[in-house]
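What follows is each chain in one-letter form.
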Amino acid sequence: MRAERQPQAQPQIQPQPPTQVQREAQKRGAARRGPSTPSGAVWLYGTHAVAAALKNPERLFRRLVITEEAQASLAAEAPLPWPIQPEISPRERIDQILAAKPGSGIVHQGIALLADQLEAPSLQEALLRPGPVLVLDQIFDPRNVGALMRTAQAFGACAVVAQDRNAPEETGALAKAASGALETIPLLRITNISRTLTALKDADVWVVGLDGHSQTRLRGEAFAGRRVALVLGSEGEGMRRLTRETCDEICALAMPGGMESLNVSAAGAVALYELTRTPG
C-alpha cells in the first residue's frame, strides 16, 4: 500500500516593509484626501457645499460635525430632518479635523461633513443629459475646477470632463468653490483627453478649443444647432499639442477692452455664456 503524502508545512512569508517610493506615494494619497479622511471619502465643509450634499440622494454619509451656532444656517438651506445625526462640536474641534489653520484657505463656517465620494457616470450616460460639455485639460487648482463646475451648472452643461492624473481629486476646497454644483453636475475623470474628444466627435459633438491667440472669435450663433464640447487648457501652458490637434476648431474670446487673457474660470464662464446665449 502506498503511503499518503503528508502535506508540507508552508513557509511563513514575512511582509516586507514598504519602500521609500511606496511610503511617499502613501503620504501623497493621504495629503490629497486630507487629514483624518478614510480612503474613498471626503470632508466637505461650508454651508452651501454641505447643504447640497445632504440633499443629494446619491451621497452616503459618515459624519456631520457642526457647531451649535451653525445649525440654523444649515437648516435654512437643508431643512430638517437631516439624513445623518449631527455631532455638536466646538469650532476648534472642526478646525482640528480639517487642519484649518491660518493661511490654509479653509473656511468651514462651523460645518463639516464626511461623505463617500460620488460615483461618476460614463461619458455615454452623461451625454444623455442636455447641454454642452466642458473639458478641462490639465487644470490643477481645485478652486478653479470648482468654480468651473459652478459655471457649467449655471449655463446648463451636461458634464465636466477632466483627465484623472492631471486634475485635483474631489476635495472640500473643490466642493466649496463649486458651491453645491458638485452634487448636481457630473465630474468625469477619464484616462486620455484626446481619445475622449474623439469619442465626443463620434457622438456628433463639435469640439471647440479655447485659445487667446486664435484669429477666430468665439461666437455662439456660429454653433447654432450643434452640440459643443468646450476645451480649456491650463493657465500657464494652455491646451497640449495633441488636445489642440484633436479639436474641430480653435477660437478666442472677443475682448475689445484689450486684455490679453482672463483667469481660466472667468474665461470658461464667458465662453459658456457665449455658446448658450440666445441671439436677440
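The structure reproduced in this document is the subject of the present report. None of the values given here were measured: they were computed from a predicted structure. (Residues numbered from 1 in each chain as written. Predicted model: local features only at pLDDT ≥ 70, side-chain atom pairs only at ≥ 80, totals over all residues. Heavy atoms only, no water.)

1. Some thoughts on the pattern of salt bridges
- In total, this model carries ten salt bridges according to the counting rule given.
- With a closest N to O distance of 2.8 Å, arginine 59 and glutamate 170 form a salt bridge. Here arginine 59, found in the loop between α2 (47-54) and β2 (61-66), pairs with glutamate 170, found in the loop between β6 (159-163) and α7 (172-178); they are 111 residues apart in sequence, far enough to count as distant. The same class applies to arginine 59 and to glutamate 170, which are both buried.
- Here the salt bridges do not stand alone but share partners, grouping Arg59, Glu170 and Glu183 into one network. (Salt bridge = Lys/Arg side-chain N within 4 Å of Asp/Glu carboxyl O. Helix = DSSP H or I, 4+ residues; strand = E, 2+ residues; numbered from the N terminus. Buried < 20%, exposed > 50% of the residue type's maximum accessible area, 1.4 Å probe, protein only.)

2. Some remarks on the pairing of strand β9 (residues 227-233)
- Taking burial as the measure, the seven residues of β9 include six buried ones, the bulk of the element.
- Pairing analysis gives five bridges linking strand β8 (residues 205-210) to β9, with the strands arranged parallel. Bridging from a neighbouring strand, tryptophan 206 pairs with valine 228 of β9. (Pairing = 2+ DSSP bridges.)

3. Brief notes about the packing of aromatic side chains
- Summed over all chains, the structure comprises one aromatic pair.
- With 6.2 Å between their ring centres and 65 degrees between their planes, phenylalanine 155 and tyrosine 273 make a pair best called edge-to-face. Taken together, the positions of phenylalanine 155 in the loop between α6 (142-154) and β6 and tyrosine 273 in helix α10 (residues 264-276) put the pair 118 residues apart, joining distant regions of the chain. (Phe/Tyr/Trp six-rings, centres within 6.5 Å; stacked < 30°, edge-to-face > 60°.)

4. Thoughts on the nonpolar core
- By size, the foremost hydrophobic cluster in this structure holds 49 residues, and its most contacted members are Leu74, Leu113, Leu134, Leu136, Met149, Leu218 and Leu232.
- The residues touching leucine 74, leaving out its near neighbours within four places in the chain, are Thr47, Val50, Ala51, Leu54, Leu64, Ile66, Trp82 and Ile111. (Core = buried A, V, L, I, M, F, W, Y, C linked by side-chain atoms within 4.5 Å. Contact = heavy atoms within 4.5 Å.)

5. Some remarks on the sheet that holds β8
- Pairing is parallel in the open sheet, where six strands are placed in the order β7-β6-β5-β9-β8-β10. Strand pairing shows two members of the sheet lacking a second neighbour, β7 (187-190) and β10 (249-251), which therefore form its edges. Neighbour to neighbour, the strand axes of the sheet diverge by 25 degrees on average, direction disregarded.
- As paired strands, β6 and β7 are joined by four bridges and run parallel to one another. Note on β7: the bridge partner recorded for alanine 162 is arginine 189.
- Across the sheet, helix α8 (residues 193-202) touches β5 (133-137), β6, β7, β8 and β9, and the angle it forms with β5 is around 160 degrees. (Axes fitted to C-alpha atoms, helices over the stretch in contact; angles between N-to-C directions.)

6. With respect to the environment of leucine 118
- Relative to the elements of secondary structure, leucine 118 occurs in the loop between β4 (111-116) and α5 (123-126).
- The partly exposed category is assigned to leucine 118, whose relative accessible area is 25%.
- Sequence separation between leucine 118 and glutamate 58 is 60 residues; the distance between their C-alpha atoms is 7.3 Å.
- When neighbours within four sequence positions are excluded, leucine 118 is seen to be in contact with Asn56, Glu58, Arg59, Glu170, Leu182 and Glu183.

7. A closer look at α6
- With 13 residues, α6 ought to run about 18 Å at 1.5 Å a step, and its terminal C-alpha atoms sit 18 Å apart, in line with that.
- Each element contacted by the buried residues of α6 is listed here: β5, β6, α7, β7, β9 and α10.
- Sitting at the amino-terminal end of α6 is aspartate 141, which places a side-chain oxygen 2.8 Å from the backbone nitrogen of arginine 143.
- Glycine 156 sits one or two positions beyond α6 and adopts a positive phi of about 75 degrees. (Expected span 1.5 Å × (residues − 1). Polar contact = N/O pair within 3.5 Å; in protein donor to acceptor, adjacent residues only side chain to side chain.)

No statement about biological role is implied by the geometric values presented.
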